[in-house]
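Coordinate analysis (summary)
What follows is the residue order along each chain.
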Amino acid sequence: MPAPTACTCFRLRKLSRLLSQRYDAALAPAGLNVNQFSILRRAERPRYTIGSLAAELGMERTTLSRDLRHLVDAGWLRLVAGDDARRRHVVLTAAGRRTIERALPLWRGVQDEVERDLGATTVAKLHVDLDRAMQRLEAPR
């Protein structure tokens, strides 16, 4: 068995892949992966621009634009021109809301499964530690 790596990024990416695989499998019956689910959930809040949604998700704007294309083509989101023609707002459609309603119990199930597997205390501490790490890394240098 290889020695564990000291690289924080590698460890976090591996954990992220392991979790993403679980969430993707659970959300598949709703026609979503976990990234699409996250985008739809945030789009429930009114008036995100593509740029502000990308910042909220920690994604590059161009990457989010590619991901949005599928959600728009599926009829779950609309992109609406804002006051400034250069800005487009992301709007959840009624079909998108129904998709979230179908996906929420699936998400809740896998969320509960992860909490059972890792332990509620571990998950709560992980959330605190991750939130703290994100705040520190997002802070201006």
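Coordinates for the structure precede this section.
This report concerns the structure included in the present document. (Residues numbered from 1 in each chain as written. Predicted model: local features only at pLDDT ≥ 70, side-chain atom pairs only at ≥ 80, totals over all residues. Heavy atoms only, no water.)

What follows covers the packing of aromatic side chains. Applying the stated criterion across every chain, the model contains 1 aromatic pair. With centroids separated by 6.1 Å and ring planes inclined at 25 degrees, the aromatic side chains of F37 and W107 adopt a geometry described as stacked. Of this pair, F37 sits in helix 2 (residues 34-43) while W107 sits in helix 5 (residues 94-118), placing them 70 residues apart in sequence. With a relative accessible area of 23%, W107 lands in the partly exposed category. (Phe/Tyr/Trp six-rings, centres within 6.5 Å; stacked < 30°, edge-to-face > 60°. Helix = DSSP H or I, 4+ residues; strand = E, 2+ residues; numbered from the N terminus. Buried < 20%, exposed > 50% of the residue type's maximum accessible area, 1.4 Å probe, protein only.)

It is worth spelling out the nonpolar core at this point. The biggest cluster of nonpolar side chains holds 25 residues, and the ones touching the most others in it are L40, L64, L68 and L77. Take this core: its biggest share by element is 5 residues, from helix 2. Apart from residues lying up to four places away in sequence, L77 is in contact with I39, L40, A43, L68, L71, V72, V90, V91, L92 and T93. (Core = buried A, V, L, I, M, F, W, Y, C linked by side-chain atoms within 4.5 Å. Contact = heavy atoms within 4.5 Å.)

Okay, the pattern of salt bridges next. Tallied over the entire structure, the rule returns 9 salt bridges. Between R41 and E44 there is a salt bridge; the shortest N-O distance is 2.8 Å. Among the ionic pairs, E56 bridges to R45, the shortest N-O distance being 3.8 Å. With a gap of 11 residues between them, E56 in helix 3 (residues 50-57) and R45 in the loop between helix 2 and strand 1 (48-49) connect regions that are remote in the sequence. You can call E56 partly exposed: its relative accessible area is 41%. (Salt bridge = Lys/Arg side-chain N within 4 Å of Asp/Glu carboxyl O.)

What follows covers helix 2. Along helix 2, the residues classified as buried are V34, Q36, F37, I39, L40 and A43. Buried residues in helix 2 make contact with helix 1 (8-27), helix 3, helix 4 (61-73), strand 2 (77-81), strand 3 (88-92) and helix 5. Looking at where helix 2 begins, the residue whose side-chain oxygen comes 3.0 Å from the main-chain nitrogen of N35 is N33. (Polar contact = N/O pair within 3.5 Å; in protein donor to acceptor, adjacent residues only side chain to side chain.)

Remember, this is a structural readout, not a statement about activity or role.
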